[in-house]
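The primary structure of each chain is shown beneath.
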Amino acid sequence: MTNIQIHIPGFPRIGSARELKTALERHWRGELPASALEQTGRALRARHWALQREAGLDHVTVGDFAFYDHVANHIQLLGCEPARFGFTPQQDALQRYFAMARGDTGHAAHADCGHGHACQHGAALEMTKWFDTNYHYLVPEFAGDTAFSLHAERLLAEVAEARALGHPVKAVLLGPLTFLWLGKEKGASGFDRLGLLDQLLPVYGALLAQLKHAGVDWVQLDEPMLGLDLPSAWRNAFEPAYWQLSQAGAPLLLATYFSPLEENLGLACRLPVAGLHVDGVRAAHELTSVADWLPGHKVLSVGIVDGRNVWRTDLDAALAVLRPLRDKRTGPLWLSTSCSLLHVPFSLEQETQLDPEIRSWLAFATEKLAELAVLRATLAGADTTGALAAARAAVASRRASPRVHNTAVAARLASLTPEQDRRAKPFPQRQAVQRERLGLPAFPTTTIGSFPQTAEIRAARAAHKRGELDAAGYERTMLAQIADAVHRQELLGLDVLVHGEAERNDMVEYFGEQLDGFAFTQHGWVQSYGSRCVKPPLIYGDVARPQPMTVAWTAHAQRLTKRPMKGMLTGPVTILQWSFVRDDQPRATTARQIALAIRDEVADLEQAGIAIIQIDEPALREGLPLRRARWDDYLDWATGAFRLTAAVAADHTQIHTHMCYAEFNDILPQIAAMDADVITIETSRSDMELLAGFGQFQYPNEIGPGVYDIHSPRVPDTQQMVRLLRKASSVIAPDQLWVNPDCGLKTRGWEETEAALRNMVAAARLLREEQ
Ligand code: GLN
Ligand code: ZN
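Rules and cut-offs
Residues numbered from 1 in each chain as written. Chains lettered and ligands numbered in written order. Predicted model: local features only at pLDDT ≥ 70, side-chain atom pairs only at ≥ 80, totals over all residues. Heavy atoms only, no water. UniProt positions renumbered as here; feature names shortened; annotations may be inferred. Buried < 20%, exposed > 50% of the residue type's maximum accessible area, 1.4 Å probe, protein only. Helix = DSSP H or I, 4+ residues; strand = E, 2+ residues; numbered from the N terminus. Pairing = 2+ DSSP bridges. Right-handed = clockwise from strand over helix to strand, strands pointing away. Near = heavy atom within 4 Å. Polar contact = N/O pair within 3.5 Å; in protein donor to acceptor, adjacent residues only side chain to side chain. Areas by Shrake-Rupley, 256 points an atom, 1.4 Å probe, with all protein chains shown as cover. Nonpolar A, V, L, I, M, F, W, Y, C, P; charged D, E, K, R; others polar. Salt bridge = Lys/Arg side-chain N within 4 Å of Asp/Glu carboxyl O. Phe/Tyr/Trp six-rings, centres within 6.5 Å; stacked < 30°, edge-to-face > 60°. Lys NZ or Arg CZ within 6 Å of the ring centre and 35° of its normal. Contact = heavy atoms within 4.5 Å. Axes fitted to C-alpha atoms, helices over the stretch in contact; angles between N-to-C directions. Parallel < 35°, antiparallel > 145°, perpendicular 65-115°, else oblique. Left-handed = near helix turned anticlockwise from the far one by under 90°. Donors = N, O, S within 2.8 Å, 3.2 Å for Na, K, Ca; no water. Tetrahedral: all angles 85-135°; square planar, octahedral: opposite > 155°, others 65-115°. Core = buried A, V, L, I, M, F, W, Y, C linked by side-chain atoms within 4.5 Å.

- You'll find the protein entered in an unreviewed UniProt entry as 5-methyltetrahydropteroyltriglutamate--homocysteine methyltransferase, with Rugamonas fusca given as the organism.
- Looking at the protein in UniProt, the text filed under Catalytic activity (unreviewed entry) is "5-methyltetrahydropteroyltri-L-glutamate + L-homocysteine = tetrahydropteroyltri-L-glutamate + L-methionine".
- The heading Function (unreviewed entry) in the UniProt record of the protein holds the text "Catalyzes the transfer of a methyl group from 5-methyltetrahydrofolate to homocysteine resulting in methionine formation."

## Topic: the pairing of strand S9 (residues 252-255)
Working step 1: The alternating pattern of S9 places Leu252 and Leu254 on one face and Leu253 and Ala255 on the opposite face, and all of these are buried.
Working step 2: As paired elements, strand S8 (residues 218-222) and S9 share 4 bridges and run parallel to each other. The partner of valine 219 across the bridge, within S9, is leucine 252.
Working step 3: Judged from the 3 bridges that link them, S9 and strand S10 (residues 275-279) form a sheet pairing that is parallel. Paired with leucine 253 across the strands is glycine 275, a residue of S10.
Working step 4: Crossover connection from S9 via helix H10 (residues 265-270) to parallel S10: handedness right-handed.

## Overview of the site of ligand 1
Working step 1: Around ligand 1, a shell composed of Ile448, Gly449, Ser450, Glu501, Met507, Met568, Asp616, Pro618, His658, Cys660, Cys743 and Gly744 is seen.
Working step 2: The separation between a nitrogen atom of ligand 1 and a polar main-chain atom of isoleucine 448 is 3.1 Å.
Working step 3: For ligand 1, a nitrogen atom lies 2.6 Å from a polar atom in the side chain of aspartate 616.
Working step 4: Coverage of ligand 1 by the protein amounts to 91% of the 300 Å² it exposes when considered alone.
Working step 5: Of the residues contributing to the shell around ligand 1, the split by class is 6 nonpolar, 4 polar and 2 charged.

## Concerning the sheet that holds strand S21 (residues 678-681)
Working step 1: Pairing within the open sheet is parallel, and its 6 strands lie in the order S13-S18-S19-S20-S21-S22. Edge strands, defined here as strands with exactly one partner in the open sheet, are strand S13 (497-498) and strand S22 (702-705).

## A look at the pattern of salt bridges
Working step 1: By the definition in use, this model includes 52 salt bridges.
Working step 2: The shortest N-O distance in the salt bridge between arginine 398 and aspartate 583 comes to 2.6 Å. A residue pair is termed long-range when its members are at least 10 positions apart, and arginine 398 in helix H15 (residues 385-400) and aspartate 583 in the loop between helix H22 (572-577) and helix H23 (587-607) qualify at 185 residues.
Working step 3: Relative accessible area serves as the criterion here: at 10%, arginine 398 is assigned to the buried category.
Working step 4: Between aspartate 675 and arginine 430 there is a salt bridge, with the nearest N and O atoms lying 3.0 Å from each other. One end of the pair, aspartate 675, is in the loop between helix H25 (668-673) and S21; the other, arginine 430, is in helix H17 (residues 427-438), with 245 residues separating them in the sequence.
Working step 5: For aspartate 675, a relative accessible area of 23% corresponds to the partly exposed category.
Working step 6: Judged by relative accessible area, arginine 430 falls into the buried class, the value being 0%.
Working step 7: Through salt bridges with shared partners, one network takes in Arg398, Asp542, Arg582, Asp583 and Asp584.

## What about the packing of aromatic side chains?
Working step 1: Tallied over the entire structure, the rule returns 21 aromatic pairs.
Working step 2: Ring geometry for phenylalanine 142 and phenylalanine 179: centres 5.6 Å apart, planes at 80 degrees, overall edge-to-face. Pair noted here: phenylalanine 142 is in strand S5 (residues 141-142) and phenylalanine 179 is in helix H7 (residues 176-182), with a separation of 37 residues, a long-range link.
Working step 3: Judged by relative accessible area, phenylalanine 142 falls into the buried class, the value being 1%.
Working step 4: A cation sits over an aromatic face here: arginine 18 above tryptophan 525, 3.7 Å from the ring centre.

## Some thoughts on helix H4 (residues 93-102)
Working step 1: Most of H4 is tucked away: 7 of the 10 residues are buried.
Working step 2: Along H4, the residues that are buried comprise Leu94, Arg96, Tyr97, Phe98, Ala99, Met100 and Ala101.
Working step 3: Buried-residue contacts for H4 involve helix H1 (19-28), helix H2 (34-54), helix H3 (70-77), strand S4 (136-138) and helix H6 (153-164).
Working step 4: Near the N-terminus of H4, the side chain that reaches the backbone nitrogen of leucine 94, with its oxygen 3.2 Å away, is that of aspartate 92.
Working step 5: Just past H4, the residue glycine 103 takes up positive phi, approximately 95 degrees.

## Some points on the packing of H23 against helix H24 (residues 631-646)
Working step 1: Remark: H23 packs on H24, axes separated minimally by 7 Å, with the N-to-C direction vectors making an angle of 20 degrees. By the angle between their directions, the pair H23 and H24 is classed as roughly parallel. With respect to the hand of their crossing, H23 and H24 are arranged in right-handed fashion. Here Arg587, Ala588, Ala591, Arg592, Ala595, Leu596, Ile598, Arg599 and Val602 of H23 come into contact with H24, specifically with Trp637, Ala641, Leu644 and Thr645.

## Concerning the sheet that holds strand S2 (residues 60-62)
The pairing of strands in a sheet happens through backbone hydrogen bonds and is either parallel or antiparallel.
Working step 1: Reading across the sheet, the 8 strands line up as S1-S12-S11-S10-S9-S8-S6-S2 and stay open at both edges, with parallel pairing between neighbours. In this open sheet, the two strands that pair with only one neighbour each are strand S1 (4-6) and S2. When the angles between neighbouring strand axes are averaged without regard to direction, this sheet yields 25 degrees.
Working step 2: Direction of pairing for strand S11 (residues 299-305) relative to strand S12 (residues 333-337): parallel, over a ladder of 5 bridges. Residue pairing for S12: valine 302 is matched across the bridge by leucine 335.

## Notes on the environment of serine 338
Working step 1: Assignment of secondary structure puts serine 338 in the loop between S12 and helix H13 (356-359).
Working step 2: Expressed as a C-alpha distance, the spacing of serine 338 and proline 9, which sit 329 residues apart in the sequence, is 7.9 Å.
Working step 3: Those residues in contact with serine 338 that sit more than four places away from it in its chain are Thr256, Tyr257, His277, Asp279, Val281, Gly303, Val305, Asp306, Gly307 and Arg308.

## Regarding the environment of tyrosine 699
Working step 1: Among the secondary structure elements, tyrosine 699 is positioned in the loop between helix H26 (689-696) and S22.
Working step 2: Exposure remark for tyrosine 699: the relative accessible area of 4% places this residue in the buried category.
Working step 3: With 27 residues separating them in the primary sequence, tyrosine 699 and alanine 672 have C-alpha atoms 6.6 Å apart.
Working step 4: Among all residues touching tyrosine 699, those that are not within four sequence positions of it are Ile671, Ala672, Ala676, Ile679, Phe694 and Gln736.

## Details of the coordination of the zinc ion (ligand 2)
Angles between donor atoms at a metal ideally measure 109.5 degrees for a four-coordinate tetrahedral arrangement and either 90 or 180 degrees for a six-coordinate octahedral one.
Working step 1: Protein coordination at the zinc ion (ligand 2): the donors are His658 (NE2), Cys660 (SG) and Cys743 (SG), at 2.1 to 2.2 Å from the metal.
Working step 2: The coordination sphere of the zinc ion (ligand 2) comprises 4 donor atoms, whose angles at the metal cover 87 to 122 degrees; the geometry is tetrahedral.
Working step 3: Sequence positions of the residues that donate to the zinc ion (ligand 2) give the spacing H-x1-C-x82-C. Linking histidine 658 in strand S20 (residues 654-659) with cysteine 743 in the loop between helix H27 (718-731) and helix H28 (750-770), this pair joins segments that are 85 residues apart in sequence.
Working step 4: Overall, the relative accessible area of 18% leaves cysteine 743 in the buried class.

## Here's the deal with the nonpolar core
Working step 1: By size, the foremost hydrophobic cluster in this structure holds 135 residues, and its most contacted members are Trp130, Phe148, Leu173, Leu177, Phe179 and Tyr242.
Working step 2: It is helix H8 (residues 197-213) that contributes the most residues to this core, 8 residues altogether.
Working step 3: Residues in contact with tryptophan 130, not counting those within four places in the same chain, are His70, Val71, Tyr135, His136, Tyr137, Leu174, Leu182, Tyr257, Phe258 and His343.
Working step 4: The next biggest cluster of nonpolar side chains, apart from the first, holds 97 residues, and it includes Ala460, Ala597, Ile671 and Ala672.

And the structure:
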């Protein structure tokens, strides 16, 4: 059996130098006409297809490009733009697209739209995380009167572009079930979006027929929802739907990724499609079953190269998996990355500053294409000795490197005792000594950590980075900013102060830069949403803290005030979650290593006289595995890592944690098990509804439910916050409540920040009088 092809489920669209970001932002500012933006898109696609073909891929993937988000592309492709935008067919499609993505300012500005002050008609589509990645998609909205119609001009034009360049084409689409699954119902309750499937399928059928007619060889239909726990109605919908789609006669490759298929494995194997793609990294243990169950004539596409991480593939190990599959299968075997390469940086080529040894351990998107080519060539019997030896050497160097392995860290982990993740006394006793020590009023007021990152702060950081401002000058500027923030908080009358995080560029990067085991790229950008990209740190080795990271800043701030200064740390789960992590040890182990490093910082802050320490864990919830059955295990080690960080604190030190907006109700026992003395959460946008669950659960420790939304420059008035606090007091005992904004204030300006906090302090005082 020699018919081995190579392909990828998708490629990064932002460009090696983030050309798409630049062009988009210029276009939105009115500096670049749509025609030039389109030209940028065409150029990027052409370049990315050329890379795929040069690497030897049998098909280029068309349809993975998007000016904002591929799910949003499907909303237009399938003709289901929400009616609330009031679009007319005369309106330019690209303008409508950006209106859905970013909000229709035209509509909002229309005072007389007849929809009143709180008109939501032009509000941007909601954004949410794409499965368990850090990529955000725009959420399709479905209602009883949603209708579908085909608008394939853009996709067909891209297919034509690729064909004109001489490339064999595999088009990629979101499958109809996953498209509906990712959306949400709007309007009348009782409506179920699955009911729209019957209307959607003919549109997909017509689309498949047009793609076939346009000369595509394959259509990849992405149905990653097959890796989730599905309600039976959704699962049962697959077979009839795919029978209908198969009528179009286009060869279909059903693609799954991110998660094992488990109970959906049999279903995925028997759907009437020409091939099945599976995630050979996250679902490696299912490969043999898939090879057994998938009918012999079908294509099996094995995503053997990790599309979610940055490490060079162990080619020997990959070949050991692939050879038996090849021998077993009579049908074609395709090799691929586990998922779209959207989730990894573009190329290592530009990483000239990266330590050469660490660089040799990595493979970004373009390097992964080359890995597929070597795997295929090897299986086909070509002489790849040199390439295999190079990969082997890299893997061996990484495995043995003293930079990866720190025996002191290993010894410390091995000697951990169960008491080390438990505070000495239970919460009620800690609460008593902390109250005694801190002497705070009822409804104590505080903020979440960051204050406005002013132009001055950003200019100083940039100048320092360019080498124009020396370390001493930079430090002086930051200290002055901290002093300013402390002074303003005293004038506002806040009870627990923060230093304001002026010296931090980013809450993960700041710590990563000071910890052993972390590396940073220059250009390792990954799309987060729209034009926004993030550059996650790489955790390559055992994590250790050579020296204190925050103590000098915090102690400086404490010396400026008699009020308690809250120390501010990022928690181990959040640091883990927002980085590329090692694949040579369990995530739990890396989390524990980070926990120990941050634990030492807690101890040093306490030693320096800091009485309150906040350990932020906004990413705790998003780390939940896609499958429920694995939640307990994750929550167990994740909350354990938090406790390991916090539990070094003496009973009289008050530990806070902060989480942003999240669904907490199904994980309240585990949130409680973190045993933070105080938790602050984002609740104002849900009108305190989020707090009801904490009340019903009888959450035992103290809580600061956010009383105003920091995402908007609007200054909340006192009465509005009083109302929210009364509402909070009706579900949580008032002596358990804190008063604070929803989240950090770094994106705000000082003027609105001071006005809002002044009103917030007034609201807390009013509540105290009501006591
Ligand atoms: N302490 C951080 C800040 O105030 C918390 C940010 C977050 O929750 N994402 O900015
Ligand atoms: Zn937050």
